[in-house]
Amino acid sequence: MKTKSLLPLAIVIIAASLTGCGKGGTNQSDRTANALASYVAPGEKDEYYLFYSGGHSGQVYVAGLPSLRPIITIPVFAPHPGTGYGFDDESKKMLGDFTWGDVHHPALSQTNSKYDGRWLFVNDNANNRIARIDLRDFKTHQILGPIPNSIGNHGSSFITENSEYILCATRFSVPLPKGRVADPNDYEKQFNGMVSGIKVDPQTGEMKVGWQILTPPFDWDLGSTGKGPSSGWAFWTSYNTEMAHDTLEVNASQKDRDLAAVVNWRAAEKAVADGKAEMMDGVPIIDPAKVPGILYFVPIGKSPHGMDVDPTGKWVVAGGKLSPTTTVLNFEKVQAAINDKTFEGEFRGVPILKYEAVVEGEVPVGLGPLHTQFDGKGNAYTSLFIDSAIVKWKLPPWTDAEKKDLTKAVLDKVQAHFSTGHLVVAGSDTANPYGKWLVAMNKLSAGRHVNVGPSQPESSQLIDITGDKMKMVAESYTDPEPHFAQILKVSEIQPEEVYPKDENKDPNAVWDKDATGVTRNGNQVVAKLTAIRSHFTPDRIDAQVGDDLIVHVTNIEQTRDMIHGFGLVEHNINMVMDPGETKTFHIKLTKPGVFPFYCTNFCSALHQEMQGYLVVWEPGKGPGAGGAGGGSTGGGK
Ligand SMILES: [Cu+2]
């Protein structure tokens, strides 16, 4: 009797010791397998770059995959003393008067719907800008904007399949052109949204505003561009087709369906070339009511969010947000409906495609579907904000049984922690995704890290999607606040580690001691310095109160990772020069004194000794005092 009753308990104990159930409900063998799957040993390197947007930090962060370890911050819309960004003349000019931005959706440049490893574009939702990062040096090289006639540049940056355009849509609507004032009570009549085509130079990546399409004052949300059969098209969801201007939480959630935009961007480009646009604030604007064939609407339920085109370009998936389904549009049906004029009405002269004619199905994925990504094997992965999960489901074509009951198309679900917003599958927006890894970027990661006070760190989770079932592998801190991300194979790019001397075209670059020095011309004092381990030449600059001081520093190292900084005390200056790079700053000297400058970027055992003095004399005093016209003033030669 006694033996019999103890037997089940013994089995439980043995089973528990075999599986070794650990923290967080993961058993020991899974813990070991997961650790090995994401482990990158000291000296080894990751296989992929993860570029994730930094939201209102204004920056882009780069981590490695599968380790999820942060590698570098690429400053874009905010100063970053660690790299001297926003302190030298060039980056200061790019930032303009803004010290922040709101980065949402990075886009890697593409050629033939494949990442070409040249540029990464990111949008600024707050100040209506687009930036270009060059993957040759992982630095921001252009900030375009504020874009005219565009407010709330959230629905971007969506790149076309050969990087012809960055396409953008507005989240907010205002009276246009910017600066015109109208009462928000007249929202429907006086306010407008906009779709913008930002033209990208195919050689240099230089961006300029190409054209714009006027839209009703809907709040455009996320979008994506077509490829294959949908080549030349782009798609955005919207919320607030109610056109409410207050208490949007309630007033913009009245209708069961909102209108998504289906945009023929090639037709827009042609219409502008054919002179069918009217200028507003220097930009050719197309009114889609006057130029048919550019814009169509299609109803999507309810308050949708993400709009993603699959790798074949045939299926366009919209997340329902307030509806527990994703809506799958069939692009061939979209084209047929356009050709056959299968419309269910129009809005302000723009045809509304008949829902039943273009929808392939509504997949019951779960609560709060936001964004969808693809693995290129016929599967889709959707983030569920409310369910805090990632759901894997099967794209069409569906079997008859699946069509009858689309719950059968839902293949797997894995919990995320918590409230995933965006997710990214490696290469999802190309014609040939890498698949392999999915990263869930969670919005509310309450309690996932050790307690650091009220601002709870966000977290991202790495999910292995190689098998039939998804597998949660690892989790890591992510800087606030991640929105979308892009994943690029490390082996596909070869960033420069040193700027070659002969490629430095800066007219103020100096490479040898004889070319360095400080010269005065009237009230302007120009210093040309070299930096090399472990000294500046010259290490003394003399000037006077009231002078304009211009300092050019060239890092003449040609050795990788030999970086020097130039920090000037009490003047808010910190430049950082990479090997072979010249940077310039420019200040008005307002106070007398002796101000040390020093290398801020640790460079050698004698780094601490790498310093010098800016001597700011009272007006009319010091070397070269009173002398108008050129002349040496201290330090140097
Ligand atoms: Cu140094």
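Calculation notes
- Residues numbered from 1 in each chain as written.
- Predicted model: local features only at pLDDT ≥ 70, side-chain atom pairs only at ≥ 80, totals over all residues.
- Heavy atoms only, no water.
- Buried < 20%, exposed > 50% of the residue type's maximum accessible area, 1.4 Å probe, protein only.
- Helix = DSSP H or I, 4+ residues; strand = E, 2+ residues; numbered from the N terminus.
- Arc of directions from axis to C-beta.
- Polar contact = N/O pair within 3.5 Å; in protein donor to acceptor, adjacent residues only side chain to side chain.
- Pairing = 2+ DSSP bridges.
- Axes fitted to C-alpha atoms, helices over the stretch in contact; angles between N-to-C directions.
- Contact = heavy atoms within 4.5 Å.
- 1 Å grid on protein atoms, 1.4 Å probe; cavity = no way out; pocket = protein on both sides within 12 Å on 5 of 7 lines; lining within 4 Å.
- Points joined across faces, edges and corners; volume = space filled by probe spheres on them.
- Nonpolar A, V, L, I, M, F, W, Y, C, P; charged D, E, K, R; others polar.
- Lys, Arg positive; Asp, Glu negative; His and termini not counted.
- Salt bridge = Lys/Arg side-chain N within 4 Å of Asp/Glu carboxyl O.

S.K.: An account of helix 7 (residues 331-339) is requested, with residue identities and associated values reported.
M.R.: Note that an α-helix has 3.6 residues per turn; residues three or four places apart therefore point the same way. Among the residues making up helix 7, those that are buried are Phe331, Val334, Ala337 and Ile338. Viewed end-on, helix 7 has its buried residues packed into an arc of 115°, placing them on one side of the element. One side-chain oxygen of the residue at the start of helix 7 lies 3.0 Å from the amide nitrogen of Glu332, identifying that residue as Asn330.

S.K.: Residues and numbers for the sheet that holds strand 21 (residues 326-330), please.
M.R.: Ordered in space as 19-20-21-24, the four strands form an open sheet in which the pairing is antiparallel. In this open sheet, the two edge strands, each paired with only one partner strand, are strand 19 (307-309) and strand 24 (359-363). Strand after strand, the sheet turns through a mean of 20° between neighbouring axes, direction not considered. Taken together, the five bridges between strand 20 (residues 315-319) and strand 21 define a ladder with antiparallel strand orientation. Pairing of Trp315 across the sheet is with Asn330, part of strand 21.

S.K.: Mind laying out the environment of Ile213, listing which residues take part and the relevant values?
M.R.: Relative to the elements of secondary structure, Ile213 occurs in strand 12 (residues 207-215). On the basis of relative accessible area, Ile213 is assigned to the buried category, the value being 1%. Those residues within four positions of Ile213 in sequence are excluded, and the remaining contacts are Gly193, Met194, Val195, Val263, Ala268, Ile286, Pro288 and Ile294.

S.K.: Report on the pairing of strand 11 (residues 191-200), specifying residues and quantitative values.
M.R.: Within strand 11, nine of the 10 residues are buried, which leaves the element mostly enclosed by the surrounding structure. As paired strands, strand 10 (residues 174-175) and strand 11 are joined by two bridges and run antiparallel to one another. Note on strand 11: the bridge partner recorded for Pro175 is Phe191. As defined by bridge partners, strand 11 adjoins strand 12 across eight bridges and the pair is classed as antiparallel. Each bridged residue has a counterpart across the sheet, and for Val195 the counterpart in strand 12 is Ile213. Connecting the antiparallel pair strand 11 and strand 12 is a turn made up of six residues, with Gly205 showing a positive phi of about 80°.

S.K.: Residue-level account of empty space enclosed by the protein, with values.
M.R.: Within this structure, the stated rule accounts for one cavity of 30 Å³ or more. Estimated volume of the largest cavity: approximately 340 Å³. If you go around the largest cavity, you meet 29 residues; those closest to its centre are Phe158, Gly223, Ser224, Asp308 and Asp429. Broken down by secondary-structure element, the contributors of at least two residues to the lining of the largest cavity are strand 4 (107-111), strand 8 (158-159), strand 13 (219-225), strand 19, strand 25 (369-374) and strand 29 (420-425). Looking at the lining of the largest cavity residue by residue, the classes come out as 10 nonpolar, 15 polar and four charged.

S.K.: So what's going on with the sheet that holds strand 1 (residues 48-53)? Residues and values would help.
M.R.: If you trace the four strands from one edge of the open sheet to the other, you get 3-2-1-33, paired in antiparallel fashion. Across the chains shown, the open sheet's two edge strands, defined by having one partner strand only, are strand 3 (70-75) and strand 33 (485-489). Here the average twist between neighbouring strands, direction ignored, is 20°. Two elements, strand 1 and strand 33, share five bridges in a ladder whose sense is antiparallel. Paired with Tyr48 across the bridge in strand 33 is Lys489.

S.K.: An account of the pairing of strand 12 is needed here, citing residue identities and associated values.
M.R.: Examined bridge by bridge, strand 12 and strand 17 (residues 283-286) share two bridges and lie parallel to one another. Directly across from Ile213, in strand 17, lies its bridge partner Ile286.

S.K.: Please give an account of the side chain of Glu164 that cites residues and values.
M.R.: Relative to the helices and strands, Glu164 resides in the loop between strand 8 and strand 9 (165-169). There is no salt bridge for the buried Glu164, and the closest opposite charge comes from Arg266, which lies 4.0 Å off by N-O distance. Here the side chain of Glu164 touches Thr160 through a polar contact of 2.5 Å, side chain to side chain. Dropping the residues within four chain positions of it, Glu164 is found in contact with Ile198, Lys199, Val200, Trp265 and Arg266.

S.K.: I'd like to hear about the pattern of salt bridges, residue by residue, with values.
M.R.: Following the criterion strictly, the structure yields 25 salt bridges and no others. Across the salt bridge formed by Arg129 and Asp124, the nearest N and O atoms sit 2.9 Å from each other. On the basis of relative accessible area, Asp124 is assigned to the buried category, the value being 0%. Salt-bridge contacts for Arg136 lead to Glu496; the nearest nitrogen and oxygen are separated by 3.3 Å. A residue pair is termed long-range when its members are at least 10 positions apart, and Arg136 in the loop between strand 6 (129-134) and strand 7 (139-144) and Glu496 in the loop between strand 33 and strand 34 (517-521) qualify at 360 residues. For Arg136, a relative accessible area of 32% puts it in the partly exposed group. Taking the relative accessible area as the measure of exposure, Glu496 reaches 33% and is therefore partly exposed. Taken together, the salt bridges that share partners define one network made up of Arg136, Glu496 and Glu503.

S.K.: Explain the side chain of Asn34 to me, and be specific about the residues and the numbers.
M.R.: When you line up the elements, Asn34 lands in helix 2 (residues 28-38). When neighbours within four sequence positions are excluded, Asn34 is seen to be in contact with Thr26, Lys471, Met472 and Val473.

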